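Letter by letter, the chains look like this.
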Amino acid sequence: MDGVGEWATTSAAIGRGNHFDIVKEIHFPHSLGLLYSAFTYYVGFKVNSGEYKLMGLAPYGEARYKQKILDKLIDVKEDGSYRLNLDYFDYCTGLTMTNERFHRLFDGPPRKSEALLTQREMDLAASIQEVLNEVVLRLTRSLAKETEIPNLCLAGGSP
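> Just give me the short version of the packing of helix 3 (residues 66–73) against helix 5 (residues 119–147), but keep the residues and values in it.
Two quantities define a packed helix pair, namely the angle between the axes and the distance from one axis to the other. Interhelical geometry of helix 3 versus helix 5 gives an angle of 60° and a closest axis separation of 8 Å. Judged by the angle between their axes, helix 3 and helix 5 are oblique. Here helix 3 and helix 5 pass one another in a crossing that is right-handed. Here helix 3 contributes K66, I69 and L70 to the contact with helix 5, which in turn contributes S127, I128, E130, V131 and E134. Its residues placed into classes, the contact of helix 3 with helix 5 shows four nonpolar, one polar and three charged.

Encoded structure:
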């Protein structure tokens, strides 16, 4: 799980010896990493380097926006597969991660990097972290049940 690698953004594979058999993939533009980076951008941090700051903010907030994210931004299935609602993002065609519709959804423009952090940014961080956790847990539980393999190995980027 990461932003994007080639076209795959989430991959599940079974490893045996030195070989992997891919069993599931989700492709660009649907990406947990890019969703997380969109929130990194929105709270005023630099994409591809500030994600750790967003993660660090999460414990200071409440997940007030979790349901809004699940209702509007990402459709998560019981097995952990997902699709983003691309109407809220500009990373495919624009120069920024989010667009005006995203900004209206969360009641304002992105925080400027030099502005003070507020409870709103902390709550946004907590919310996207909770969503990410939920998607990953659904995916891993589904894979464990489907494959009946007791050992899972997770890898990915910053979040």
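> I'd love a proper account of the confidence of the model for the chain, names of residues and values included.
Averaged over the chain, the pLDDT score is 92; the fraction of residues at 70 or greater is 97%. Across the chain, helix 3 holds the top mean pLDDT of 98, while strand 1 (residues 8–16) sits lowest at 88.

> Lay out the environment of K112 in plain terms, naming residues and giving numbers.
By secondary structure assignment, the location of K112 is in the loop between helix 4 (100–105) and helix 5. For the pair formed by K112 and Y42, sequence separation is 70 residues and the distance between their alpha carbons is 8.7 Å.

> Break down the nonpolar core for me, with residues and values.
Counting residues in hydrophobic clusters, the biggest one holds 36 residues, and the most contacted among them are F39, I69, L73, I74, F89 and F106. Every element with two or more residues in this core is listed here: helix 1 (32–42), helix 2 (51–57), helix 3, strand 3 (74–76), strand 4 (82–84), helix 4 and helix 5. For this core, the element with the highest residue contribution is helix 5, accounting for eight residues. Ignoring sequence-local partners within four residues, the contact set of I74 consists of L32, L35, I69, Y82, R83, L84, V131 and V135.

> An account of the packing of helix 1 against helix 5 is needed here, citing residue identities and associated values.
Axis separation between helix 1 and helix 5 bottoms out at 10 Å; the angle between their running directions is 175°. It follows from the interaxial angle that helix 1 and helix 5 lie roughly antiparallel. In this structure, helix 1 uses L32, L35, Y36, F39 and Y42 to contact helix 5, whose residues at the interface are R120, L124, I128, Q129, L132, V135 and V136. Looking at side-chain class alone, the contact of helix 1 with helix 5 contains ten nonpolar, one polar and one charged residues.

> Just give me the short version of the side chain of T9, but keep the residues and values in it.
Mapped onto the elements of the fold, T9 is located in strand 1. Overall, the relative accessible area of 4% leaves T9 in the buried class. A distance of 2.5 Å separates a polar atom in the side chain of T9 from the backbone oxygen of H30.

> Can you tell me about the side chain of D123, naming the residues and giving the values?
For D123, the position within the fold is in helix 5. Look at D123 and you get buried, because its relative accessible area is 3%. A distance of 2.5 Å separates a polar atom in the side chain of D123 from a polar atom in the side chain of R64. Ignoring anything within four residues of it in the chain, the contact list for D123 reads G61, E62, A63, R64 and Y65.

> Now, about the pattern of salt bridges: what can you tell me, with residues and values included?
Within this structure, the stated rule accounts for ten salt bridges. Between R64 and E62 there is a salt bridge, with the nearest N and O atoms lying 3.8 Å from each other. Classification of R64 by relative accessible area gives exposed; the value is 53%. In this structure E62 comes out as partly exposed when scored by relative accessible area, which is 48%. One salt bridge connects R138 with E134, and the closest N-O pair in it is separated by 2.6 Å. Taken together, the residues span about one helical turn, with R138 and E134 both in helix 5 at a distance of four residues. Linked by salt bridges that have partners in common, K24, D79 and E146 make up one network.

The rules behind each value
Residues numbered from 1 in each chain as written. Predicted model: local features only at pLDDT ≥ 70, side-chain atom pairs only at ≥ 80, totals over all residues. Heavy atoms only, no water. Axes fitted to C-alpha atoms, helices over the stretch in contact; angles between N-to-C directions. Helix = DSSP H or I, 4+ residues; strand = E, 2+ residues; numbered from the N terminus. Parallel < 35°, antiparallel > 145°, perpendicular 65-115°, else oblique. Left-handed = near helix turned anticlockwise from the far one by under 90°. Contact = heavy atoms within 4.5 Å. Nonpolar A, V, L, I, M, F, W, Y, C, P; charged D, E, K, R; others polar. pLDDT = per-residue confidence, 0-100. Core = buried A, V, L, I, M, F, W, Y, C linked by side-chain atoms within 4.5 Å. Buried < 20%, exposed > 50% of the residue type's maximum accessible area, 1.4 Å probe, protein only. Polar contact = N/O pair within 3.5 Å; in protein donor to acceptor, adjacent residues only side chain to side chain. Salt bridge = Lys/Arg side-chain N within 4 Å of Asp/Glu carboxyl O.

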